[in-house]
Amino acid sequence: MSSSRRQFVKLGLGTSTALMGGGLFDVVSGRLALASEDRSPASIDAFPRKYEIKPLSFKPESLKDLSPKLITSHHENNYGGAVKNLMKVEAEIMKLSADAPAFVLTGLKSSEHAFRNSMILHELYFENLGANFKVKGRTAKIISGAWGSQSRFESEMKTSGAGVGGGTGWIILGWDLRAEQPILSCIGHNNQFPANSIPLLLMDVYEHAYAIEYGANLKGYIDAFFANINWEVVEKRLEKAESVSKLLRRS
Ligand SMILES: [Fe+2]
């Protein structure tokens, strides 16, 4: 497939049906409409789309109380696994014939959604880790304005993490684009996500994020996480989120 056609498919530009690997793909329904002669290995081999496992933006040994073994395992096995599984499930979807049962397609689409969210959430999580950062600037002002103080915010986020924990979950400080205010969300699984918000700060409370080092001591991990927040990344995300809010308000 040429690069221009691949880009066209990726963006779904101008039509709900896009050319893909010699066949047709309905962007709206997600259904394949391949003619029988198009079901050649070559047309299937054009997929899946490629996703890259992003390297850590810090040295694993630089963090406080989060060991290189824990971080490396989390990054390689859980985040890396989500990226690889996303590519695999996309390939399985592309192999489906047009008359495949709906439940087969919807099951795969559900897995695709969960793996994609896991990939995105983990990339944001690792990006907002780093030792020796202090909250300041616009982020400090926004947090103090919404929660009264930084300590009150931290207490709410830590308690939320301990409450959601028990195997799975994310705690996300996000920017609500419509209300134009920060929100703190607790979500139980990768396939849930706060609507209408841009994530600013993410805390992974899946067991795989801490059990290697902390066992059942989730609170110990949460304290270590707070000692390793890269607030400069949070500040940059907040600037972008507020810019999007302003654009939406104007439109
Ligand atoms: Fe994780």
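Refer to the structure above for everything that follows.
**Quick notes on the overall build of the protein chain**
Next, step 1: When helices and strands are tallied, the protein chain shows 9 helices and 5 strands.
Next, step 2: Each helix and strand of the protein chain, placed in order from N terminus to C terminus, yields the pattern α-β-β-α-α-α-α-α-β-β-β-α-α-α.
Next, step 3: Within the protein chain, the fraction of its 251 residues that count as buried is 26%.
Next, step 4: Of all intrachain contacts in the protein chain linking residues separated by at least 6 positions in sequence, the fraction that spans at least 24 positions is 63%.

**Section: the pairing of strand β4 (residues 181-187)**
Next, step 1: Relative to β4, strand β3 (residues 170-176) runs antiparallel, the two sharing 7 bridges. Across the sheet, residue D176 finds its bridge partner in β4, namely Q181.
Next, step 2: The hairpin turn running from β3 into β4, its antiparallel successor, is 4 residues long, and E180 in that turn takes a positive phi close to 55 degrees.

**Topic: unusual backbone geometry**
Next, step 1: Even without being a glycine, N132 presents a positive backbone phi close to 65 degrees.
Next, step 2: Tracing the sequence through the fold places N132 in the loop between α4 (102-127) and α5 (137-147).
Next, step 3: Its 10 C-beta neighbours within 10 Å are what place N132 among the exposed residues.
Next, step 4: Positive phi is not limited to glycine here, since E180 has a value of about 55 degrees.
Next, step 5: Judged by local crowding, E180 falls into the partly exposed class, with 13 C-beta atoms found within 10 Å.

Reading the values: the criteria
Each residue is numbered by its place in its chain's sequence as written, counting from 1. It should be noted that, the model being predicted, local features are given only for residues of pLDDT at least 70 and side-chain atom pairs only at 80 or more, the latter also being counted only at that level, while totals for whole chains, interfaces and linings use all residues. Labels follow the DSSP assignment, with helices taken as runs of H or I lasting at least four residues and strands as runs of E lasting at least two, numbered in each case from the N terminus. Whether a residue is buried, exposed or partly exposed is read from the other C-beta atoms within 10 Å of its own C-beta, which are placed from the backbone; 20 or more gives buried, 12 or fewer gives exposed, and intermediate counts give partly exposed. A residue pair is marked as a contact if its C-beta atoms, positioned from the backbone, fall within 7 Å. Strands are labelled as partners when DSSP assigns at least two bridges between them.

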